[in-house]
Amino acid sequence: MAAFFCVYTALLEKFLIFDYFLTRQHTIWMNGMYTDDQLIELIRKDGDALERALRHLNGDKAFRERVLQHVVRYGGSREDAEEIYNSSLVTLVSGIRQQHYAQKGSLHAYWFGICKGLCSNHFRSKGFKQLVPTEDEHALDTPNWETPDRLLLKEEVKTILLDVLSQLSEKCRELLLLWSKSYSMSEIAEALNYADEDSAKNRRRNCHLSLMKYLNEHPMIKQELKDLWNWKNTSTN
Amino acid sequence: MELEKYFDQLDAYHYGRLTGAEKEALESRLQSDPEWKEAWNLYRLSLAALELQQDATVRKTLEKIQQEKGRITPLNRRLMAVAAAVILIVCMTGSWWYAWENYTNQALYQANYSVPAEMNPARMGAGEAASTTLDRGLEAFQNKETEQAVEILETISPDNPEYENARFALGQIFLQTGKAEKAIQYLSPLTGSASTALAAKAEWYMALTLLQSGKSNECVEWLQKIASDPEHPYQEKAEELWRKMDNLWRKLITSFRGTTPTR
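Everything quoted here is computed from the prediction, not taken from an experiment.

Novice: I'm lost on the packing of aromatic side chains in this one. Help?
Specialist: To describe a pair of aromatic rings, one takes the distance between the centres and the angle between the planes. Under the defined criterion, the tally for this structure stands at 19 aromatic pairs over all chains. When the ring of F63 of chain A is compared with that of Y85 of chain A, the centres are 6.4 Å apart and the planes differ by 50°; the resulting orientation is tilted. With a gap of 22 residues between them, F63 of chain A in helix α5 (residues 61–73) and Y85 of chain A in helix α6 (residues 78–97) connect regions that are remote in the sequence. By relative accessible area, which is 1% here, Y85 of chain A ends up buried. For the pair Y205 of chain B and Y234 of chain B, a centre-to-centre distance of 6.4 Å together with 70° between the ring planes defines the contact as edge-to-face. Note that Y205 of chain B is positioned in helix α10 (residues 196–212) and Y234 of chain B in the loop between α11 (216–227) and α12 (235–245), a separation of 29 residues in sequence. In this structure an aromatic cluster arises from ring pairing among Y109, Y113, F168, W204, Y205 and Y234 of chain B.

Novice: When you look at the side chain of E162 of chain B in this model, what are you seeing that I'm missing?
Specialist: Residues and elements named next belong to chain B. By the secondary structure assignment, E162 is in the loop between α7 (146–154) and α8 (163–176). Within the local environment of E162, its side chain forms a polar contact with the side chain of T132, the two groups lying 3.5 Å apart. The residues touching E162, leaving out its near neighbours within four places in the chain, are T132, T133, L134 and I156.

Novice: What should I look at first to understand a nonpolar patch on the surface in this one?
Specialist: Residue and element names in this part refer to chain B. A cluster of nonpolar side chains, namely V82, V86 and V90, defines an oily patch on the protein surface of about 230 Å² accessible area. Take V86: it is sitting in helix α4 (residues 75–103). With relative accessibility at 45%, the residue V86 sits in the partly exposed group.

Novice: Is there a simple way to explain the state of the cysteines in this structure?
Specialist: Linking two cysteines covalently through their sulfur atoms gives a disulfide. Residue and element names in this part refer to chain A. On inspection of all chains with the given rule, the structure shows one disulfide over all chains. For C172, the disulfide goes to C207, at an S-S distance of 1.8 Å. Taking the sign of the S-S torsion, about -95° here, the bridge from C172 to C207 comes out left-handed. On the criterion of sequence distance, the pair formed by C172 in helix α9 (residues 170–180) and C207 in helix α11 (residues 197–217) is long-range, its members being 35 residues apart. As far as burial versus exposure is concerned, C172 and C207 are alike and both buried. The thiol sulfur of C119 is not disulfide-bonded, and the nearest other cysteine sulfur, from C115, lies at 8.6 Å. Overall, the relative accessible area of 0% leaves C119 in the buried class.

Novice: What is the right way to read the nonpolar core from this model?
Specialist: As a rule of thumb, soluble globular proteins bury nonpolar side chains together. If you look at the biggest cluster of nonpolar residues, it comprises 50 residues, and the most contacted ones within it are V164, L176, W179 and I188 of chain A together with L10 and Y43 of chain B. Counting only elements with at least two residues in this core, the list comes to α8 (155–165), α9, α10 (185–191), α11 and α12 (219–236) of chain A together with α1 (3–15), α2 (20–32) and α3 (34–71) of chain B. Residues contacting Y43 of chain B, with those up to four places away along its chain left out, are W179, R204, H208 and M212 of chain A together with F7, L10, D11 and H14 of chain B. By size, the runner-up hydrophobic cluster in this structure holds 48 residues, among which are I156, I173, A207 and W222 of chain B.

Novice: Explain the environment of V90 of chain A here, please?
Specialist: Tracing the chain through its elements places V90 of chain A in helix α6. When the C-alpha positions of V90 of chain A and L54 of chain A are compared, they lie 9.4 Å apart, and in sequence the two are 36 residues distant.

Novice: Looking at this structure, how should I read α5 of chain A?
Specialist: Since the α-helix packs 3.6 residues into each turn, any two residues three or four apart lie on the same face. All names here are of chain A. Taking 1.5 Å per residue as the helical rise, α5 with its 13 residues ought to reach 18 Å, and the 18 Å between its terminal C-alpha atoms agrees with that figure. Turning to α5, its buried residues are F63, R64, V67, L68, H70 and V71. Taken around the axis of α5, the buried residues stretch over an arc of 165°, which confines them to a single face. Exposed positions of α5 whose direction lies more than 90 degrees from the buried face are A62 and R73. Among the residues trailing α5, G75 stands out with phi positive, at a value near 90°.

Novice: When you look at the packing of α5 of chain A against α6 of chain A in this model, what are you seeing that I'm missing?
Specialist: For any two helices packed against each other, the geometry comes down to the angle between their axes and how far apart the axes lie. Residues and elements named next belong to chain A. At their nearest, the axes of α5 and α6 sit 9 Å apart, and the two run at 125° to each other. Considering their axes alone, α5 and α6 lie oblique with respect to each other. As α5 runs across α6, the sense of the crossing is right-handed. Contact residues: F63, R64, V67, L68 and V71 in α5; R78, D80, A81, E82, I84 and Y85 in α6. Per-class residue counts for the contact of α5 with α6 are seven nonpolar, no polar and four charged.

What counts and how
- Residues numbered from 1 in each chain as written.
- Chains lettered and ligands numbered in written order.
- Predicted model: local features only at pLDDT ≥ 70, side-chain atom pairs only at ≥ 80, totals over all residues.
- Heavy atoms only, no water.
- Phe/Tyr/Trp six-rings, centres within 6.5 Å; stacked < 30°, edge-to-face > 60°.
- Helix = DSSP H or I, 4+ residues; strand = E, 2+ residues; numbered from the N terminus.
- Buried < 20%, exposed > 50% of the residue type's maximum accessible area, 1.4 Å probe, protein only.
- Polar contact = N/O pair within 3.5 Å; in protein donor to acceptor, adjacent residues only side chain to side chain.
- Contact = heavy atoms within 4.5 Å.
- Patch = residues over 30% accessible without salt bridge, like charges linked within 9 Å, V, L, I, M, F, W, Y side chains within 5 Å.
- Areas by Shrake-Rupley, 256 points an atom, 1.4 Å probe, with all protein chains shown as cover.
- Salt bridge = Lys/Arg side-chain N within 4 Å of Asp/Glu carboxyl O.
- Disulfide = S-S within 2.5 Å.
- Core = buried A, V, L, I, M, F, W, Y, C linked by side-chain atoms within 4.5 Å.
- Expected span 1.5 Å × (residues − 1).
- Arc of directions from axis to C-beta.
- Axes fitted to C-alpha atoms, helices over the stretch in contact; angles between N-to-C directions.
- Parallel < 35°, antiparallel > 145°, perpendicular 65-115°, else oblique.
- Left-handed = near helix turned anticlockwise from the far one by under 90°.
- Nonpolar A, V, L, I, M, F, W, Y, C, P; charged D, E, K, R; others polar.

See the structure below:
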């Protein structure tokens, strides 16, 4: 009987309290957890740090509601709002990593700006439900797709990316990913145990060249990647 | 195409490290020279691949977080769970309290014990002086002079016709004062008394004494014996008490405590 009570109480506590906080039902309490600077620091990393940041941002119910209201004003549905919200999170992370966020205003203001841009593009391109690959090889930002980053979850897209990056050694891949997240060469040298900044620079040059060569030798993959990139730019520009 | 030839210039262009003139010259080459243009496209596409890979990781993580959230029980179901839990806890607490109040050894003893008529000095008549040693002993006990009562009753010798009644009274005194072992010592021999009525009473009070002292199994043995005799004056009472000692409430307390509840 005592054991039953203990187990029941523990389960109850798990579901009602532990989960309650973890899922950010108490957004006021939870949203006070990270400053903008801390979030940026977490976002620049991968793995657990990124997940913590995303959990925090994704749990902001007030912000989600604000996006919903904005989308509804455009005549959109809740589904549209959810899609825009998700895309905005991906774009926000990308923007921070590519150092597009100048930290002049609050992170949420920047984020909401992304949402507004995505919303506007979303409804502008609402009629385009199919892929329209660009004819102009030089213009990588031709608009042609509705909700591009969702494509990133599709198997064929994952395969393209995997094909491209799997040509590199693990360390090379890691180096380039850090570099593309705007890590400095000294940070990369430290993270990947290179002797110094120059070694990291040389290694980056070689890895980058390998990647470019692979793309050059595989025109089909190159074209698919180009299309994919154009879809992304459609939504974020 | 020898990409090495172009890479450093393109890299410097990407990083904005070219001078104004160098930048102008490169941009002109990018417009006019297909090889330079292709190399620049490859440079940018390789960056795109890296960026898209990052986006895919972010999207995957986000998807995971949102799927977890989707699996979480909605608030109204949680409230129902809380309500169910509260009701369950209230019911269990209530059941426990009920069982505790009515089915512990002490509770059953108190519900079944009544002072036998033999202990009542009223049988002597109001204002009447005690005429026998037994009555004097009982009177002393009535006056809360327990030690004196025991002393008086102990003086009654076996050849006295009131001997067995005196032993019974001593058993009752010890039972009432919570000295079960001593009570058993006096009541046990009386269960074999030649007086059927006294033996029957002694058996019943033996069972109660054992109950009070926490010896449930022995108590049940006595109750079974009494209940199996249809002529026994305590047959019904014994049967009822036996039933109570074997019911679910009693088992609830016993199983929880792991021992017989004596309180």
